[in-house]
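Residue-level listing of the chains:
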Amino acid sequence: MQNNSPIAEVFGFPISNGTEKAVYYRENRLCPFHNRFPNCTKDKADAPLGVCSVNHGDKKVITCPSRFREDWKILHNAASFVWPKGTKWTSLPEIKLVDANGQSAGNVDYVIVSYNEDGQITDFASIEVQGVYISGNLRNPFQQFMKSPSADFTWDGKNYPHPDYLSSSRKRLIPQMLYKGGIFKAWNKKQCVVIQKSFFDTLPTLPRTTKKKADIAWSLYDLEYNKTDQCNHLVLVDTVYTEFQSALEQVIYTKPGLMSDFLILLQGKLDERISNEPEPRSVYDLL
């Protein structure tokens, strides 16, 4: 069932949160989730689209990658996959990655590095963070809400926004696995993918393996509402361990339908053309 308000969180707080702190963040367009700048910069720096998550059915779907930075849980959970407890490590954001020809393969969201007493790197791993793309117009309801913030805000406008999971995987997640993930696999380095569980559930079923054998840890998060502070909080709900090749094959290749069904479709199209056109004198007349 569609929620009449597509917006779940604005500038870090549920739209139902009318506390002094929530109002302060909205009025000053601030990001509480460790954006590179104090202010939200999503979409436009001078007019940010301050929507952190949207309503979709009974789910709150994260649309902004910065939303995953709450308390830096994603870094600590990734490090626990790669190294034993007690390892000295830190994180380095937005690291450029190049292939053997010197061509850019994009930036890695985070590289976590372990180091020794002399400050020398002993190991590293990648972390990729993926929000969900939106279909429809999200800015119009956002702007309408900001004119008069209210817990009762509803939106009945056209082009109602909703999560676009298919584009999120095909345009973003799969290319990242192919290019950046392929390089880290060649280096025999671990990888961590941070996404929401509802997004992961739209992917093909991935063959699981053990934590020890895994190349990739899929860290699956959700937002859980806390009545005490009237806020949603990022919670790790599952970790799925996979090998690189088997996971890549599942997300790249589409399971085919029956060829017989496709032939029936083709035959119907051919019959329609033949019945609506003069008798061709040669095969070239069909082209």
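Residues numbered from 1 in each chain as written. Predicted model: local features only at pLDDT ≥ 70, side-chain atom pairs only at ≥ 80, totals over all residues. Heavy atoms only, no water.

Participant: What should I look at first to understand the overall build of the protein chain in this one?
Facilitator: Across its full length, the protein chain holds 7 helices and 12 strands. Taken over the C-alpha atoms alone, the protein chain extends approximately 80 × 55 × 35 Å along its principal axes. When each of the 287 residues of the protein chain is scored for burial, the buried share is 41%. Relative to all contacts within the protein chain whose residues are 6 or more apart in sequence, the contacts with residues 24 or more apart total 63%. A total accessible area of about 16,800 Å² is found for the protein chain, and carbon and sulfur atoms account for 52% of it. Here the protein chain holds 34 positive side-chain charges and 32 negative ones, and the gap between their average locations is 3 Å. (Helix = DSSP H or I, 4+ residues; strand = E, 2+ residues; numbered from the N terminus. Buried < 20%, exposed > 50% of the residue type's maximum accessible area, 1.4 Å probe, protein only. Contact = heavy atoms within 4.5 Å. Areas by Shrake-Rupley, 256 points an atom, 1.4 Å probe, with all protein chains shown as cover. Lys, Arg positive; Asp, Glu negative; His and termini not counted. Charge placed at Lys NZ, Arg CZ, Asp CG, Glu CD.)

Participant: Would you take a moment to explain the side chain of Glu-128 for this structure?
Facilitator: Take Glu-128: it is sitting in strand β7 (residues 121-129). Here Lys-180 takes part through its side chain, which lies 3.2 Å from a polar atom of the side chain of Glu-128. For Glu-128, the contacting residues outside a window of four places in its chain are Asn-107, Val-108, Asp-109, Gln-176, Lys-180, Cys-192, Val-193 and Val-194. (Polar contact = N/O pair within 3.5 Å; in protein donor to acceptor, adjacent residues only side chain to side chain.)

Participant: Looking at this model, I keep getting lost on the pairing of strand β1 (residues 7-10). Mind explaining?
Facilitator: As defined by bridge partners, β1 adjoins strand β3 (residues 51-56) across 3 bridges and the pair is classed as antiparallel. Across the sheet, the residue bridging to Glu-9 is Ser-53, located in β3. With 2 bridges connecting them, β1 and strand β2 (residues 13-14) associate as antiparallel partners. Following the sheet pairing, Val-10 is matched in β2 by Phe-13. Taking the residues between adjacent antiparallel strands as the criterion, β1 and β2 are bridged by 2 residues, where Phe-11 takes a positive phi near 50 degrees. (Pairing = 2+ DSSP bridges.)

Participant: So what exactly am I meant to see when it comes to the pairing of strand β11 (residues 216-226) here?
Facilitator: Every regular strand shows the same layout, with side chains that alternate between the two sheet faces. Counting buried positions over the 11 residues of β11 gives 8, a clear majority of the element. Relative to strand β12 (residues 231-242), β11 is paired through 11 bridges, and the arrangement is antiparallel. Bridge pairing links Asp-222 to Val-235 in β12. Once β11 ends, the chain turns through 4 residues before running back antiparallel as β12, passing Gln-230 with a positive phi of about 60 degrees.

Participant: Where do I start with unusual backbone geometry in this structure?
Facilitator: Residues apart from glycine generally show negative phi values, whereas peptide bonds are mostly found in trans. Residue Asp-43 is not a glycine yet carries a positive backbone phi of 75 degrees. Tracing the chain through its elements places Asp-43 in the loop between α1 (20-28) and β3. By relative accessible area, Asp-43 is classed as exposed at 54%.

Participant: What is the right way to look at the packing of aromatic side chains in this model?
Facilitator: Any two aromatic rings considered together are summarised by their centre-to-centre distance and by the angle between their planes. The full count for this structure, using the stated rule, is 12 aromatic pairs. Ring geometry for Phe-124 versus Trp-187: centroids 6.1 Å apart, planes at 80 degrees, classification edge-to-face. Remark: Trp-187 occurs in the loop between α4 (165-186) and β10 (191-196) and Phe-124 occurs in strand β7; sequence separation between them is 63 residues. In this structure Phe-124 comes out as partly exposed when scored by relative accessible area, which is 24%. By way of ring pairs, the aromatic residues Phe-13, Tyr-24 and Tyr-25 are connected into one cluster. (Phe/Tyr/Trp six-rings, centres within 6.5 Å; stacked < 30°, edge-to-face > 60°.)

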